[in-house]
Amino acid sequence: MPLVTSKELLQQAQAERYAVGAFNANNMECVKAVIEAAEEERAPVILQVSQGAIRYAGLGMATTMVQTVAQEASVPVVLHLDHGTSFLQNVQCLHAGFTSLMYDGAAEPLEKNIEISAKIAEIAHAVGLPVEAELGKIPKIEDYVDGERANELRHRPPAEQVEILRETAGPQVEALMADASQAATFVEKTGIDSLAAAVGSIHGMWADIWPLRRDRIEALVKATSLPLVCHGSSGVVRTRADAKAKGIELRPDECTLEEAVQIGICKVNVATAVSMAFLRGAREAWDERPAEKDLRKVLLPGLQAAKELVRGYMRLFGSSGRIAGAGRGETSEVKHAE
Ligand code: G3H
Ligand code: ZN
């Protein structure tokens, strides 16, 4: 079916209290993994393209990949710009055929962020496209932990990792969080359609261990009626049971990803976890058969691992089973090298 806008999907998700998964379109295999997961789960889905993906694949390739799978899909698909950091980039993506835009003005002073977000919303709305904008700043783990330290940290028990991150990153993550008292004015002055508010998550985490701030999400839900977007979700601990199994103690003002959706998060961005699942699947396959020469036979298990992860997230978000029908039943396969 033709691409749909994020506005249609998020309004429905908000009304019915679930979240739409937004997964990054970094290569053909990941795009197929996400679409196959959406088909099998009967879930609406957002495929988003970041600046990094545009540099990697080229805007034309990234756009065409998502347009092609959407056209063939029996579930609704959005092509969204993820973390566009300039007006021009948003215009380029609008022109390329994206059906949802994002301006990330977190590096700018608030007034400038408002000014550019409003300008993008104005032109996007003129052609019926919705815009997401960022309030506060959702940091990345590299801002606090360098590669070597991260590698050492990730091998410790999850509860210990959380305690160390609470000390090293916690205060700064808190200082960057969105101020709910600014949300209503931000939304009103920009005219945006969904709000990516910093609510405690950190981009690019290696495991799902970190809590979100329940109090911040609740305050934002009260302050604005717009659908809220959770970024950096790969690192967020998924459920209470999951936290317990990992020995992670949540504080009273914290919550899991599952709870955040119940409170009012309507779009959940997951990138790193998909990438890691894909890499693990491919590496295991090649480790098992190191003489394999056909890249497809190594990449396919990567695709399948990524798909399973995405399916799990769709169930967690409550987006599974929202679309009627049985799907196309086609899955990627490699019969023989040719
Ligand atoms: O915008 C993209 C997301 O926020 C993804 O973050 O890689 O931490 O899942 P993540
Ligand atoms: Zn993000």
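Residues numbered from 1 in each chain as written. Chains lettered and ligands numbered in written order. Predicted model: local features only at pLDDT ≥ 70, side-chain atom pairs only at ≥ 80, totals over all residues. Heavy atoms only, no water.

## Details of the sheet that holds strand 5 (residues 131-135)
What the eight strands build is an open sheet, ordered 3-2-1-10-8-6-5-4; its pairing is parallel. Looking at which strands have only one partner, the edges of the open sheet turn out to be strand 3 (77-82) and strand 4 (101-103). Ignoring strand direction, the axes of neighbouring strands in this sheet form an average angle of 30 degrees. Two strands pair when backbone bridges link them, and strand 6 (residues 194-197) and strand 8 (residues 228-230) are joined in this way by two bridges, in the parallel orientation. Paired with Ala 196 across the bridge in strand 8 is Val 229. Each of strand 6, strand 8 and strand 10 (265-270) touches helix 11 (residues 214-223); the most contacted strand, strand 8, lies at about 155 degrees to it. (Pairing = 2+ DSSP bridges. Helix = DSSP H or I, 4+ residues; strand = E, 2+ residues; numbered from the N terminus. Axes fitted to C-alpha atoms, helices over the stretch in contact; angles between N-to-C directions. Contact = heavy atoms within 4.5 Å.)

## Some points on the confidence of the model for the protein chain
In this model, the protein chain carries a mean pLDDT of 96, and residues with pLDDT of at least 70 account for 98%. Of all secondary-structure elements in the protein chain, the lowest mean pLDDT belongs to helix 7 (residues 147-153), at 92, while strand 1 (residues 20-24) reaches the highest, 99. (pLDDT = per-residue confidence, 0-100.)

## Looking at the coordination of the zinc ion (ligand 2)
Coordination sphere of the zinc ion (ligand 2), protein contribution only: His 83 (NE2), His 203 (NE2) and His 231 (ND1), at 2.0 to 2.1 Å. Sequence spacing among the residues donating to the zinc ion (ligand 2) works out to H-x119-H-x27-H. Taken as a pair, His 83 in the loop between strand 3 and helix 5 (87-96) and His 231 in the loop between strand 8 and helix 12 (240-245) lie far apart in primary sequence, 148 residues in all. Each member of the pair, His 83 together with His 231, is buried. (Donors = N, O, S within 2.8 Å, 3.2 Å for Na, K, Ca; no water. Buried < 20%, exposed > 50% of the residue type's maximum accessible area, 1.4 Å probe, protein only.)

## Observations regarding the environment of Val 236
Within the element layout of this structure, Val 236 appears in the loop between strand 8 and helix 12. Taking the C-alpha atoms as reference, Val 236 lies 6.7 Å from Ser 201; in sequence the two are 35 residues apart. Beyond its immediate sequence surroundings of up to four residues, Val 236 is in contact with Ser 201, Asp 208, Ile 209, Trp 210, Leu 212, Thr 256 and Leu 257.

## Section: the packing of helix 4 (residues 59-72) against helix 5
One can describe the packing of helix 4 onto helix 5 by two numbers: an axis separation of 11 Å at closest approach and a directional angle of 45 degrees. The pairing of helix 4 with helix 5 is recorded here as oblique in orientation. For the pair helix 4 and helix 5, the sense of crossing is right-handed. For the pair helix 4 and helix 5, contact is made by Leu 59, Thr 63 and Gln 67 and by Gln 92, Cys 93 and Ala 96, respectively. Split by residue class, the contact of helix 4 with helix 5 holds three nonpolar, three polar and no charged. (Parallel < 35°, antiparallel > 145°, perpendicular 65-115°, else oblique. Left-handed = near helix turned anticlockwise from the far one by under 90°. Nonpolar A, V, L, I, M, F, W, Y, C, P; charged D, E, K, R; others polar.)

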